[in-house]
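Residue-level structural notes
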Amino acid sequence: MEGSRESDLEKEEDDDATELLRDRFRHSAISLAESEAKRNGMEISQPVMVCIADLAFKFTEQLAKDLELFSQHAGRKSANMEDVILFAHRNEHLAASLRSFCNELKGKEPQTERKRKKDSRKDDKATSNVLDLS
Amino acid sequence: MENTFDPELIRAIFKLVWSRRALERERNEGTENLDGEVGAGTSKKSRPTTANANALKLSSELLRLFITEAVQRTATIAEAEGVYKIETTHLERILPQLLLDF
């Protein structure tokens, strides 16, 4: 919990918006954890949920950092799905399930808009490149 | 299964982190201009990083997986101990491997 102390200090420099975001994030993280525990037929104690929520928030911050670096390295100003998959490339199973989710998203898209179709095709190629690497 | 993070919330958090980092970089540039990260530094003023909609959805999914995985692993430990409430000791048991896996 020392870590959260430190980040509490950091947070004071930021505005209230940070606080609000963090609380909203915690709230959805906790309700997610609770429902997942229920699905497993388990109760879950409050400190565990809070801890997992905090971890997830730090994880998000790390993800944001990496997405920025990855997209800049690729010479893009916008992070795309490929960058997110790259973030998870160390864990093959995780990367694989993200990739299938990514394909699902792409599958939905072309029917709704034509312009996006071209974009998603680009994404397609890029993603398969990532696949080859891992 | 419909329970997941709002991509807009994730976008807001990303933006926050990116603007914080941009500020930091600006501060660093003031003191030492010959930084190794000049490449990243030059592009930042004109074009802040953004994320496209699908990337945000995928990030939400990644976070959902992180949390469900954490809960499922703690649940397994609790089950092995024969209790039906997940406590901090269970989390402590699975934490190292969880952090290595994500």
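Up top is the structure these notes are about.
Quick caveat, the model's predicted, so the values are computed rather than measured.

**Re the overall build of chain B**
Helix and strand content of chain B: four helices and two strands. For chain B, the succession of helices and strands along the chain, N to C, is α-α-β-α-β-α. Burial statistics for chain B: of 102 residues in total, 41% are counted as buried. Look at the contacts in chain B between residues 6 or more apart in sequence, and 58% of them connect residues 24 or more apart.

**Remarks on the pattern of salt bridges**
In the structure shown here, the tally under the stated rule is 14 salt bridges over all chains. Note that R25(B) and E68(A) form a salt bridge whose closest N and O atoms lie 3.1 Å from each other. Note that R25(B) is positioned in helix 1 (residues 7–31) and E68(A) in helix 3 (residues 46–73), a pairing that runs across two chains. We note a salt bridge from E82(A) to R76(A), for which the minimum N-O separation is 3.5 Å. What emerges from the salt-bridge pattern is a single network uniting D23(A), R26(A) and D54(A).

**Points about the nonpolar core**
Generally speaking, a soluble globular protein has its nonpolar side chains buried in company with each other. By size, the foremost hydrophobic cluster in this structure holds 58 residues, and its most contacted members are F25(A), I67(B) and I86(B). Secondary structure elements with two or more residues in this core: helix 2 (16–39), helix 3, helix 4 (81–87) and helix 5 (92–112) of chain A together with helix 1, helix 3 (53–81) and helix 4 (88–101) of chain B. When sequence neighbours within four positions are dropped, the list of residues in contact with I67(B) reads A29(A), L32(A), A33(A), I52(A), A56(A) and F5(B).

**Some details on the packing of helix 2 of chain A against helix 1 of chain B**
At their nearest, the axes of helix 2 of chain A and helix 1 of chain B sit 10 Å apart, and the two run at 140 degrees to each other. One way to sum up the angle between helix 2 of chain A and helix 1 of chain B is to call them oblique. Both helix 2 of chain A and helix 1 of chain B take part in a crossing whose hand is left-handed. Residues T18(A), L21(A), R24(A), F25(A) and S28(A) of helix 2 of chain A lie in contact with helix 1 of chain B, whose contacting residues are L9(B), I10(B), A12(B), I13(B), L16(B) and R20(B).

**What about the interface of chain A and chain B?**
In this assembly, 55 residues from chain A lie in contact with 55 residues from chain B. Taken over both partners, the interface formed by chain A and chain B buries close to 5,100 Å², and the fraction arising from carbon and sulfur atoms is 71%. The largest contributions to the chain A side of the interface with chain B come from L32(A), M42(A) and E68(A), which together make up 13% of the buried area. The salt bridge involving R24(A) is made with D6(B); its shortest N-O contact spans 3.9 Å. Between the two partners, chain A and chain B, sit 13 residue pairs in polar contact (both at pLDDT 80 or more). At the level of secondary structure, the elements contributing two or more residues to the side of chain A that touches chain B comprise helix 2, strand 1 (43–44), helix 3, strand 2 (78–79), helix 4 and helix 5 of chain A. A per-element tally of the side of chain A that touches chain B places helix 3 of chain A first, with 18 residues.

**Observations regarding helix 4 of chain B**
Since one α-helical turn is 3.6 residues long, residues separated by three or four positions face the same way. Here helix 4 of chain B spans 19 Å end to end across 14 residues, near enough to the 20 Å set by a 1.5 Å rise per residue. Approximately 45 degrees is the largest bend angle found in helix 4 of chain B, and it occurs at L95(B), with the proline P96(B) only one to four residues beyond. For helix 4 of chain B, the full list of buried residues reads H90(B), L91(B), I94(B) and L98(B). For helix 4 of chain B, the secondary structure elements touched by its buried residues are helix 3 of chain A together with helix 3 and strand 2 (85–86) of chain B.

**Some points on helix 1 of chain B**
Between its first and last C-alpha atoms helix 1 of chain B spans 37 Å; for 25 residues at 1.5 Å apiece the expected length is 36 Å, and the two agree. Considered for burial, the residues of helix 1 of chain B that qualify are L9(B), I10(B), I13(B), F14(B), L16(B), V17(B), W18(B), R20(B), R21(B), A22(B) and R25(B).

**A closer look at the environment of R73(B)**
Residue and element names in this part refer to chain B. Secondary-structure assignment places R73 in helix 3. When the C-alpha positions of R73 and E92 are compared, they lie 11 Å apart, and in sequence the two are 19 residues distant. Apart from residues lying up to four places away in sequence, R73 is in contact with I94, Q97, L98 and D101.

**Brief notes about the environment of L65(B)**
Looking at the element boundaries, L65(B) is found in helix 3. In this structure the C-alpha to C-alpha distance between L65(B) and Q97(B), which are 32 residues apart in sequence, comes to 15 Å. When sequence neighbours within four positions are dropped, the list of residues in contact with L65(B) reads L94(A), S97(A), L98(A) and F102(B).

Reading the values: rules and limits
Residues numbered from 1 in each chain as written. Chains lettered and ligands numbered in written order. Predicted model: local features only at pLDDT ≥ 70, side-chain atom pairs only at ≥ 80, totals over all residues. Heavy atoms only, no water. Helix = DSSP H or I, 4+ residues; strand = E, 2+ residues; numbered from the N terminus. Buried < 20%, exposed > 50% of the residue type's maximum accessible area, 1.4 Å probe, protein only. Contact = heavy atoms within 4.5 Å. Salt bridge = Lys/Arg side-chain N within 4 Å of Asp/Glu carboxyl O. Core = buried A, V, L, I, M, F, W, Y, C linked by side-chain atoms within 4.5 Å. Axes fitted to C-alpha atoms, helices over the stretch in contact; angles between N-to-C directions. Parallel < 35°, antiparallel > 145°, perpendicular 65-115°, else oblique. Left-handed = near helix turned anticlockwise from the far one by under 90°. Buried area = accessible area lost by both parts, 1.4 Å probe. Polar contact = N/O pair within 3.5 Å; in protein donor to acceptor, adjacent residues only side chain to side chain. Expected span 1.5 Å × (residues − 1). Bend = angle between axes of the 7 residues up to and from the residue.

Read these as layout, nothing more, since geometry by itself doesn't imply function.
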